[in-house]
Amino acid sequence: MMEINHLVFVLFATLALYCQAFVGRHHGIQLAGAKTMLTGKSKASNFRMMAGGNVPPLDDFEIGTESAVGRILLAGTNEYNHFLMKGTVLVVEQDENGAKGLLLDKQTAFLMGEMVPQFRGSVFRDNKLFTGGEQGPNSIVVLHARPDLPGARPVGGCGLALGGAQAAEEAVEHDGADPAGFKFLFNFVGFQPGQLEQQVAAGQWDVLVPGPGHVPYLLCQEHNDGMWSQLRNRLAALRSMSNKLDQ
């Protein structure tokens with residue numbers, strides 16, 4: 001993690017999230033590719049999505065009954081916390097000490113090169129900065145699909161990994177990896193021991209189990225505040241299909 005000790009950044013990031021939460025813009029996003037591609041250069045990146053309504057296929061993820069590392073949490077329709085409202089959270093840690101997650105769809109108005117001095121000349125200078133949550137030591141983590149990178153660790157079995165920012169930069173510079181395949185997030189969503197399990201049981205969160213085909217979708221770099229709505233619609237469709245099969 002790279003420490004950010006600028007109070008101005010915290011204030012601006014919070015202000016940006018407030019604006020995002022209350023302006024109420026809902027743009028759809030379109031998956032640019034079905035497979036995870038981190039090498040090679042092309043005009044249309046798998047990790048940059050355009051306005052549209054297409055999302056990964058229904059059969060590529062399942063409804064989960066409980067939270068676990070690598071699973072997706074969809075905030076309930078009655079959630080009014082401005083950070084979590086219409087939020088899509090990836091669970092990255094969960095054990096007897098509690099749980100941590102990262103909001104995937106809360107993009108700020110800032111670029112990495114604008115907010116972090118050491119990134120001004122980096123290959124990641126034009127990457128958008130996302131708000132991962134309202135808790136944490138004011139630090140940034142990088143999410144990607146390269147668990148093979150030094151310093152990275154897998155996030156469950158969903159195909160994603162955390163950490164290894166220096167190795168990620170080298171992969172872009174020397175191996176042709178796409179910089180858009182690396183998503184930078186500020187802080188996290190935290191849960192006390194047993195809290196997340198209780199909230200899931202109470203219906204405050206719905207759980208989805210993503211498949212490998214969802215990696216580009218979850219790592220998308222464009223403004224994607226429609227992710228929650230799209231996955232909610234897919235969840236409803238899956239439940240409808242399940243009900244028909246049970247009849």
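Here the structure is shown first, and the text comes after it.
In this report, the structure presented in the accompanying data block is examined. (Residues numbered from 1 in each chain as written. Predicted model: local features only at pLDDT ≥ 70, side-chain atom pairs only at ≥ 80, totals over all residues. Heavy atoms only, no water.)

1. Focus: the overall build of the protein chain
Step number 1: Within the protein chain, the secondary structure is distributed over 6 helices and 12 strands.
Step number 2: The proportion of buried residues among the 247 residues of the protein chain is 51%.
Step number 3: By element, 52% of the accessible surface of the protein chain is carried by carbon and sulfur atoms, the whole surface being about 11900 Å². (Helix = DSSP H or I, 4+ residues; strand = E, 2+ residues; numbered from the N terminus. Buried < 20%, exposed > 50% of the residue type's maximum accessible area, 1.4 Å probe, protein only. Areas by Shrake-Rupley, 256 points an atom, 1.4 Å probe, with all protein chains shown as cover.)

2. Focus on unusual backbone geometry
Most peptide bonds adopt trans geometry, and most residues besides glycine take a negative phi value.
Step number 1: Non-glycine residue Lys86 carries a positive phi angle of around 55 degrees.
Step number 2: On the secondary structure map, Lys86 appears in the loop between β3 (72-75) and β4 (88-95).
Step number 3: For Asn138, which is not glycine, the phi torsion reads 55 degrees and is therefore positive.
Step number 4: With respect to the helices, strands and loops of the structure, Asn138 is situated in strand β8 (residues 135-144).
Step number 5: Look at Asn138 and you get partly exposed, because its relative accessible area is 27%.

3. Focus: the pattern of salt bridges
Step number 1: Under the criterion given, the structure shown has 4 salt bridges.
Step number 2: One salt-bridge network, in which partners are shared between bridges, spans Asp206, Arg232 and Arg239. (Salt bridge = Lys/Arg side-chain N within 4 Å of Asp/Glu carboxyl O.)

4. Quick notes on the nonpolar core
Step number 1: Counting residues in each nonpolar core, the largest one holds 41 residues, and the members touching the most others are Leu73, Leu90, Leu143 and Trp205.
Step number 2: Every residue in contact with Leu143, bar those within four places of it in the chain, is listed here: Leu90, Leu104, Val155, Leu160, Ala161, Leu162, Gly181, Phe182, Lys183, Leu185 and Leu219. (Core = buried A, V, L, I, M, F, W, Y, C linked by side-chain atoms within 4.5 Å. Contact = heavy atoms within 4.5 Å.)

5. Concerning helix α3 (residues 165-175)
Step number 1: Taken together, the buried positions of α3 are Ala165, Ala167, Ala168, Ala171 and Val172. Angularly, the buried residues of α3 cover 165 degrees about the axis, an arc narrow enough to put them on a single face. Pointing more than 90 degrees away from the buried face of α3 are the exposed residues Gln166 and His174.
Step number 2: Two residues or fewer after α3 comes Gly176, characterised by a positive phi angle close to 75 degrees. (Arc of directions from axis to C-beta.)

6. Brief notes about the pairing of strand β6 (residues 107-111)
Step number 1: Of all the 5 residues making up β6, 4 are buried; the element is thus mostly covered by neighbouring parts of the structure.
Step number 2: As judged from the 2 bridges shared by β6 and strand β7 (residues 128-131), these two strands associate in the antiparallel manner. When the bridges of β7 are listed, Leu111 appears paired with Lys128. (Pairing = 2+ DSSP bridges.)

7. So, the pairing of β7
Step number 1: Pairing geometry for β7 and strand β11 (residues 183-191), over 3 bridges, is parallel. Bridge pairing links Leu129 to Phe184 in β11.

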